[in-house]
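Structural overview
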There are 4 protein chains.
Amino acid sequence: MNFASDNTAGIAPGIMDALARANDGFALGYGNDSLTRAAERLIGEVFECDAAVFMVPTGTAANALSLAHVTPPWGAVLCHAQAHIMTDECGAPEFYGGGLKLIGLPGAGCKLAPETVERAIARYSGHVPHQVNAAALSITQATEAGTIYRAEEIAALADIAHAHGLAVHMDGARFGNAIARMNVTAAEATWKAGVDILSFGATKGGAMAAEAVVVFDRKRADFMGERRKRAGQLLSKHRFLAAQFEGYLNDGYWLRLARHANAMADRLAYGLRGCGAPVVWDVDANIVFVLLPRALDQKLKAAGASYYVRPNTLAGDDVVIGADQMLVRLVTSFATTDHEVDRFIALVRAG
Amino acid sequence: MNFASDNTAGIAPGIMDALARANDGFALGYGNDSLTRAAERLIGEVFECDAAVFMVPTGTAANALSLAHVTPPWGAVLCHAQAHIMTDECGAPEFYGGGLKLIGLPGAGCKLAPETVERAIARYSGHVPHQVNAAALSITQATEAGTIYRAEEIAALADIAHAHGLAVHMDGARFGNAIARMNVTAAEATWKAGVDILSFGATKGGAMAAEAVVVFDRKRADFMGERRKRAGQLLSKHRFLAAQFEGYLNDGYWLRLARHANAMADRLAYGLRGCGAPVVWDVDANIVFVLLPRALDQKLKAAGASYYVRPNTLAGDDVVIGADQMLVRLVTSFATTDHEVDRFIALVRAG
Amino acid sequence: MNFASDNTAGIAPGIMDALARANDGFALGYGNDSLTRAAERLIGEVFECDAAVFMVPTGTAANALSLAHVTPPWGAVLCHAQAHIMTDECGAPEFYGGGLKLIGLPGAGCKLAPETVERAIARYSGHVPHQVNAAALSITQATEAGTIYRAEEIAALADIAHAHGLAVHMDGARFGNAIARMNVTAAEATWKAGVDILSFGATKGGAMAAEAVVVFDRKRADFMGERRKRAGQLLSKHRFLAAQFEGYLNDGYWLRLARHANAMADRLAYGLRGCGAPVVWDVDANIVFVLLPRALDQKLKAAGASYYVRPNTLAGDDVVIGADQMLVRLVTSFATTDHEVDRFIALVRAG
Amino acid sequence: MNFASDNTAGIAPGIMDALARANDGFALGYGNDSLTRAAERLIGEVFECDAAVFMVPTGTAANALSLAHVTPPWGAVLCHAQAHIMTDECGAPEFYGGGLKLIGLPGAGCKLAPETVERAIARYSGHVPHQVNAAALSITQATEAGTIYRAEEIAALADIAHAHGLAVHMDGARFGNAIARMNVTAAEATWKAGVDILSFGATKGGAMAAEAVVVFDRKRADFMGERRKRAGQLLSKHRFLAAQFEGYLNDGYWLRLARHANAMADRLAYGLRGCGAPVVWDVDANIVFVLLPRALDQKLKAAGASYYVRPNTLAGDDVVIGADQMLVRLVTSFATTDHEVDRFIALVRAG
């Protein structure tokens, strides 16, 4: 019953196979190899776009490189107050970005509303040189709450951002989970809706350590290669990073993996609601937030369940949490089984 | 005939097996797993030392983290003018180190002599706050020329450094090749000789992407965890990084891989000398620098040989290079075969 | 009627005289002169403490140097959401601090309450290496709202900070105004109450461009000299910076200047209240926030009054601002006259 | 006999007067005042150019801002190995420039030759993303050796730089001394010869603390205001910085001050040569390097002479320094008198 994170799962079999296949003979280092070209082509096909692609081993690196690329050191990035870049990257965006500023904004279910962004832009504009000015908007897809932005929602936010000269970044650590849920293409959910730069994550979806910075307009990718190198993020045996993407994306494998993870989250949410446990936000992706009796914690853990209890402050003002309740985050993955889910629900039901 | 770099080789079989073994079930992310503990223990055993270990996917990251850790932004790192940190990391040490300064020093065979270091320390000391002061010495083992520092040589340099308050860093991207050649232990070649912090490389030796910052005195490792995280260098599925080290180090595998690479370099050097081609420096590790007729270049490449011609300036003043000669770097690896070596020599002999 | 800022005033006569006196003969540069020693001694006397003193020409520099000195790049500084360091320094603390994070906290009258700080420390502690950890608390004295922290209030905050290992910084751009109001010594309002490092401002008080970083425990001042130099903040003809402090502090001049500025603010507040204009916060120093009819703006400006209308959001939730009201900031200085104040009040009264 | 530095002199009378004049009434802060506009206009007139001007209090700040503005963090600045930015700014360019790299080049009399620059550009070009690439050339005028670049020499260097996409920066800490010597205009010696950005120093020439970053092509000045602010280099009472420039430049005062300093250096050099003391480099500006008997050091200092003995390494290979000789730097200023000079020469002659 591993619901602590989708990064507790291992490597999906199709990706492990791709790694093994890649381990044949010699190949030039640092991305100057045919497998890297193939993976880039594959990403281009997925996004229907001749994008510039920069693969790196961590999501924090992808985010920090992206934000530093579109925001000057004297600029601000608008994001949700609970965004991963804000709370869980130990200041990587600030480090890569030469001291840029993240502005955390409120929003239910870790989603930003257009009027919130509009107000923030108004506040962080114009007072040069005294104030940092808003230079980028970063949204997470799927969000840290497991919700997703629909294409029209993205477009609405991006339109506001672009109207004021901000670039739009998407933290797509769980991009596959979002796409698997929506009836839109990857292109429609990104550049066609106004996303300029994407952290495209494969790790949580089933890879070992593979993320990519995707710059949709190749003309805006200048010097990203240097950024990546000087950040120590350019792998020498780069073909194995490319191989992960090749295995992940080939023949829609990534969406099959994501659909399974999402289905497991649905099953969890359905079961928990059936027990009367309040599921906090829409379960759009592979994360379920639920209020469980504090008294259950010890019992669940004793039975082998693994998950994180999150601080109540995370929930925001619109969620009422009883004194005897805890806010539990459950994350599913490609490796989650029906059996795990059902056992967990049974434990909750037994109370 | 792949002699371009040891990073053109793939993953050594024993390490691929370790990755496969690690892909079993769930494990907590970010290094909070038992395989990481096991790999750390193994590194501790190799170095006979309760060291603090921080694994990362690239050598540039290991170097930049190490140097930033022992040098303040207003400090200088003394290193060879041809050191990898100086010439091939696109300013990563300066980036991680908040603008620290690298001071490139001369030395035959990419090795630093004690008097060179002594003079540099004298020059970069005392003029505070106007000048940056020498804060660390960085040496490469094996060097970029394929030579190695013997334990006594390291100790002589480290004694000078420590006497003036400098920390000693070793870039051990090819540490295995150096140890495989010398009749000393890893401990004797590092902390027992005065090395404070080591970039311990496994990638060039046969791993996919695995390096470790080893801080020999655990008390000096404070905040390295934060450094690694904010640099985007903490892998979420960390067990697969640990697995590479486990496979690499277990049962002396790393030294067997290195001995093979070194033997192939010996074979190359022996054969080239037999053809009258001047081998430039001592072949201590898995790199051979040789002067070949420029006229051969096209022929060798047409026959499928892969290598880099390096600028004459690399050689320094003590090496005389004829106008019709080119300075060729040949690097061997665990995957190099007798056959490749012999074919290359035959081509050179044929002229 | 210049109430835009205390930095619109010129140089107080006693300080101009000191500059002229200092311009006699030759003196070694970079602070190696007797006038600098004398100014340092004078600051030591004012604070009854053998403090380490680093003079710089701007308050932003003093703040940024101070915060960078007590906070690692992976640390957070807790401060009020309206603090100058947060809103008006274009990211200088982040730049100097290598990407450190400022956490803006709420509080009426720009003051932080102990429980607010306590909660913030709890939130920004322990989740290493994923989150930045609270490393310093910064308070402004007098605050941006013109209120002041009493010595006991400072001690209460500092006790909390120290109990959790945080350093305490005070932005004393208007330190003189605060001291002039309270019946305590400069020592009692700083290090005796737990302040570790102070940005001691003279510019707003009457100097041309003179601020000092005061590190009360000299043992904690290591490398501040290098920080200042590499920030381009070490003046070559340093004696003229020292001369400003000498003129400012000698014989209690700074407090006389501050008392005048404060008295002018009192006179303003008294007069405005007399006209029925709501003065928003306690007028503790030389700043008055008042709600005036929007209709008055044009008339006041036409009559030559200079001031800033601040956004309503600055006021916080506990201040009710009518749709026809504007939040006006009035700042007095050593150069403000009774006449200016009375004219302004007359204009408001006339409506 | 103060020859330690031109920054040991005080403030020239005409500049002190300008400060006093400026101290009249109120003026908006941060450069939003009429005196600042006037000083900018004056600088524009001096350079016959609608340049963007950013005044700061130190030369290190002017240099660091300039270099950071024209060089990305992954770029290199080519400069003389003895340039002030290389040896005496404690890493300020690297700090402001996010870790950019300075490449120190050789050259007699602290001057760079075209072929040296050409070779360096060739070496630091093209190997992206592994190497930092040359992005700017920085020359000092007058140089640290007291020599100057003639307009044609600047043009020759700038042509090479521009042909390879490098920007050209001039460290003009002693720009006045250079112009006073040459029969060319300030425009001819800067932008007309290809200089893109100038650190225009007034401090050494007679101001208190006044330097300006001059961006000749206003379109290339974007965001310099933000850079200056976040570096803590924007003075609040900016009119007093502007006043120094106004006093310095008005009616050719700066050139009269510089001519006097240069004349004093000439007199020194003439007298020293007359005593048989070898003057090392051309005395083009206000600095004289001379070889004096070591035995004289104590006697000169006892008689009250103040100067620096510089390390022999500074002189380079083409200057032969006897074991009993010392390399002495003598700097004159607007405040140096005939009498001082003559006394010093008499002491040397007396032996």
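Below, the structure is looked at part by part. The structure presented is a predicted model; accordingly, all values stated were derived computationally and were not measured. (Residues numbered from 1 in each chain as written. Chains lettered and ligands numbered in written order. Predicted model: local features only at pLDDT ≥ 70, side-chain atom pairs only at ≥ 80, totals over all residues. Heavy atoms only, no water.)

Here the focus is helix 3 (residues 59-70) of chain C. Residues and elements named next belong to chain C. For helix 3, which comprises twelve residues, the first-to-last C-alpha distance of 17 Å matches the rise-based estimate of 16 Å (1.5 Å per residue) to within 8%. Burial analysis of helix 3 places eleven of its twelve residues in the buried class, the great majority of the element. All of the buried residues along helix 3 are Thr-60, Ala-61, Ala-62, Asn-63, Ala-64, Leu-65, Ser-66, Leu-67, Ala-68, His-69 and Val-70. (Helix = DSSP H or I, 4+ residues; strand = E, 2+ residues; numbered from the N terminus. Expected span 1.5 Å × (residues − 1). Buried < 20%, exposed > 50% of the residue type's maximum accessible area, 1.4 Å probe, protein only.)

A word on the sheet that holds strand 10 (residues 325-331) of chain C. All names here are of chain C. Taking strand neighbours across the sheet as the criterion, the three strands line up as 8-10-9 in an open arrangement whose pairing is antiparallel. Only two strands of the sheet have a single partner each, and these edge strands are strand 8 (287-293) and strand 9 (308-310). Put simply, the sheet's adjacent strands are angled 40° from each other on average, direction ignored. The pairing of strand 8 with strand 10 spans seven bridges and is antiparallel. Bridge assignment links Val-288 to a residue of strand 10, and that residue is Leu-330. Against the sheet, helix 11 (residues 253-274) contacts strand 8 and strand 10, and its axis sits at roughly 25° relative to strand 8. (Pairing = 2+ DSSP bridges. Axes fitted to C-alpha atoms, helices over the stretch in contact; angles between N-to-C directions. Contact = heavy atoms within 4.5 Å.)

Here the focus is the relation of the copies chain D and chain A. Expressed as a screw transformation, the operator carrying chain D onto chain A has a rotation angle of 180° and an axial translation of 0.0 Å, and the superposed copies differ by an RMSD of 0.0 Å. In symmetry terms, the pair is related by a two-fold rotation axis. Looking at the rotation axis and the C-alpha trace of chain D, the residue lying nearest is D:Gly98, at 3.3 Å. Most of the interface of chain D is mirrored in chain A: 100% of its interface residues are interface residues there too. (Least-squares fit on C-alpha atoms with pLDDT ≥ 70 in both.)

Turning next to unusual backbone geometry. The omega torsion across A:Val128 and A:Pro129 is -5°, close enough to zero to call that bond cis. Mapped onto the secondary structure, A:Pro129 falls in the loop between helix 6 (114-123) and strand 4 (133-140).

Tallying the contact residues gives 50 residues for chain B and 50 residues for chain A. Counting each side, the surface lost to burial between chain B and chain A is near 4,100 Å², with a carbon and sulfur contribution of 60%. The interface formed by chain B and chain A includes 31 residue pairs in polar contact (both at pLDDT 80 or more). Contributing elements (two or more residues each) for the side of chain B that touches chain A: helix 1 (13-22), helix 3 (59-70), helix 5 (92-96), helix 9 (224-230) and helix 10 (239-249) of chain B. For the side of chain B that touches chain A, a count of residues per class yields 25 nonpolar, 16 polar and nine charged. (Buried area = accessible area lost by both parts, 1.4 Å probe. Polar contact = N/O pair within 3.5 Å; in protein donor to acceptor, adjacent residues only side chain to side chain. Nonpolar A, V, L, I, M, F, W, Y, C, P; charged D, E, K, R; others polar.)

On to the environment of C:Val70, then. Residue and element names in this part refer to chain C. Locating Val-70 in the fold gives a position in helix 3. The buried category is assigned to Val-70, whose relative accessible area is 16%. As for Val-70 and Ala-135, which are separated by 65 residues in sequence, their C-alpha atoms are 7.3 Å apart. Other than its neighbours up to four places away in sequence, Val-70 contacts Ala-135, Ala-136, Ala-167 and Ile-197.

We now examine the packing of aromatic side chains. Aromatic rings considered in pairs are described by the distance between their centres and by the relative angle of their planes. On inspection of all chains with the given rule, the structure shows 62 aromatic pairs over all chains. Both rings, one in A:Phe200 and one in A:Tyr248, keep their centres 6.5 Å apart while their planes meet at 50°; by these two values the pair is tilted. Placement of A:Phe200 in strand 6 (residues 197-201) and of A:Tyr248 in helix 10 (residues 239-249) is noted, with a sequence separation of 48 residues between them. In this pair, the class of A:Phe200 matches that of A:Tyr248, namely buried. Pairing D:Phe200 with D:Phe245 gives two aromatic rings, centres 5.8 Å apart and planes at 40°, and the pair type is tilted. Of this pair, D:Phe200 sits in strand 6 (residues 197-201) while D:Phe245 sits in helix 10 (residues 239-249); the two residues are 45 residues apart in sequence, bridging distant segments of the chain. Given the relative accessible area of 0%, D:Phe200 is considered buried. We classify D:Phe245 as buried; its relative accessible area is 0%. In textbook terms, an aromatic cluster arises when at least three aromatic residues are bridged by ring pairs, as seen for A:Phe47, A:Phe175, A:Phe200, A:Phe216, A:Phe245, A:Tyr248 and A:Trp254. Sitting over the face of the ring of A:Tyr149, A:Lys111 holds its NZ or CZ atom 5.6 Å from the ring centroid. (Phe/Tyr/Trp six-rings, centres within 6.5 Å; stacked < 30°, edge-to-face > 60°. Lys NZ or Arg CZ within 6 Å of the ring centre and 35° of its normal.)

With that settled, the discussion passes to the interface of chain D and chain A. Each partner contributes residues to the interface: chain D has 15 residues there, and chain A has 15 residues. Of the roughly 1,400 Å² buried at the junction of chain D and chain A (both faces included), carbon and sulfur atoms supply 67%. At the boundary of chain D and chain A, one finds zero salt bridges. Here chain D is connected to chain A by four residue pairs in polar contact (both at pLDDT 80 or more). Grouping the constituent residues of the side of chain D that touches chain A by class yields seven nonpolar, four polar and four charged. (Salt bridge = Lys/Arg side-chain N within 4 Å of Asp/Glu carboxyl O.)

Right, let's talk about the pairing of strand 10 (residues 325-331) of chain D for a bit. Residues and elements named next belong to chain D. Counting buried residues in strand 10 gives seven out of seven residues, a clear majority hidden from the surface. Burial along strand 10 is two-sided: the face carrying Gln-325, Leu-327, Arg-329 and Val-331 and the face carrying Met-326, Val-328 and Leu-330 are both buried. As paired elements, strand 9 (residues 308-310) and strand 10 share three bridges and run antiparallel to each other. Each bridged residue has a counterpart across the sheet, and for Tyr-308 the counterpart in strand 10 is Arg-329.

Bringing the pattern of salt bridges into the picture now. All names here are of chain A. Evaluated as defined, the whole model comprises 58 salt bridges over all chains. The partner of Asp-338 in a salt bridge is Arg-267, with the nearest N and O atoms 3.5 Å apart. On the criterion of sequence distance, the pair formed by Asp-338 in helix 13 (residues 338-350) and Arg-267 in helix 11 (residues 253-274) is long-range, its members being 71 residues apart. On the accessibility criterion, Asp-338 (34% relative accessible area) is partly exposed. In this structure Arg-267 comes out as partly exposed when scored by relative accessible area, which is 33%. Members of the salt-bridge network, linked through shared partners, are Arg-267, Asp-338 and Asp-342.

Moving on: the pairing of strand 5 (residues 167-172) of chain B. Residues and elements named next belong to chain B. With six of its six residues buried, strand 5 lies for the most part within the structure. Residues Ala-167, His-169 and Asp-171 point to one face of strand 5 and Val-168, Met-170 and Gly-172 to the other, with burial holding for every one of them. Pairing of strand 4 (residues 133-140) with strand 5, which is carried by five bridges, proceeds in the parallel orientation. Residue pairing in the sheet places Ser-138 in a bridge with His-169 of strand 5. Between the parallel pair strand 4 and strand 5, the chain is carried across by helix 7 (residues 151-163), and the sense of this crossover is right-handed. (Right-handed = clockwise from strand over helix to strand, strands pointing away.)

Attention now moves to helix 2 (residues 34-46) of chain A. Along an α-helix, residues three or four positions apart point the same way, because every turn accommodates 3.6 residues. Residues and elements named next belong to chain A. Helix length check: helix 2, at 13 residues, gives a terminal C-alpha distance of 18 Å against a target of 18 Å (1.5 Å per residue), a fit within 8%. Residues of helix 2 that are buried include every one of Thr-36, Ala-39, Leu-42, Ile-43, Gly-44 and Val-46, and no others. Along its buried surface, helix 2 packs onto strand 1 (52-56), strand 7 (211-215), helix 10 and helix 11. Where helix 2 starts, the residue carrying a side-chain oxygen 3.2 Å from the main-chain nitrogen of Leu-35 turns out to be Asp-33.

On their own, these measurements won't tell you what the molecule is for.
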